Amino acid sequence: RVIHMNTITSEYQTWLQDELAKLMELFPEQLPVNADLMSLGVDSLVAVRLAGLISDRLGATIDPMAMFDHPTIESLAAYLVDQQAQATVVSTEAQ
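Overview of the structure. (Residues numbered from 1 in each chain as written. Predicted model: local features only at pLDDT ≥ 70, side-chain atom pairs only at ≥ 80, totals over all residues. Heavy atoms only, no water.)

Details of the overall build of the protein
Okay, so step 1: Each helix and strand in the protein was counted, giving four helices and zero strands.
Okay, so step 2: When the helices and strands of the protein are listed from N to C terminus, the series reads α-α-α-α.
Okay, so step 3: Long-range contacts, defined here as pairs at least 24 residues apart, represent 57% of the contacts in the protein between residues at least 6 apart.
Okay, so step 4: Within the structure as shown, the protein displays about 5900 Å² of accessible surface, and the carbon and sulfur contribution to it stands at 53%. (Helix = DSSP H or I, 4+ residues; strand = E, 2+ residues; numbered from the N terminus. Contact = heavy atoms within 4.5 Å. Areas by Shrake-Rupley, 256 points an atom, 1.4 Å probe, with all protein chains shown as cover.)

Examining the packing of aromatic side chains
Okay, so step 1: Taken as a whole, this structure holds zero aromatic pairs when the rule is applied.
Okay, so step 2: Over the ring of Tyr12 we find Arg57; its NZ or CZ atom is 5.6 Å from the centre of that ring. (Phe/Tyr/Trp six-rings, centres within 6.5 Å; stacked < 30°, edge-to-face > 60°. Lys NZ or Arg CZ within 6 Å of the ring centre and 35° of its normal.)

A few points about the side chain of Gln17
Okay, so step 1: Positionally, Gln17 belongs in helix H1 (residues 5-24).
Okay, so step 2: On the accessibility criterion, Gln17 (17% relative accessible area) is buried.
Okay, so step 3: A distance of 2.7 Å separates a polar side-chain atom of Gln17 from the backbone oxygen of Leu31.
Okay, so step 4: If we ignore the near neighbours within four places in the chain, the residues touching Gln17 are Pro28, Leu31, Pro32, Val33 and Ile73. (Buried < 20%, exposed > 50% of the residue type's maximum accessible area, 1.4 Å probe, protein only. Polar contact = N/O pair within 3.5 Å; in protein donor to acceptor, adjacent residues only side chain to side chain.)

Right, here's the structure in full:
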């Protein structure tokens, strides 16, 4: 099965945008995917809450600091897709 990484990344971007909007009481359109999260008002509390949502969705723990290392929705989504791909490879190799 071929996985289209751009499609998955786009889905993650939309999901992150929606979840951040809920956490920040904004509309998703107010959170451009290429804008710096900190300049949008994401602080450590929002980062921790979002990390919890991400962990629930992915079934794996994510460090809230990842949002500071990947400071846009776009880069965070790409990071998450990469993490999922690595986890899949490790899982496949372990079998």
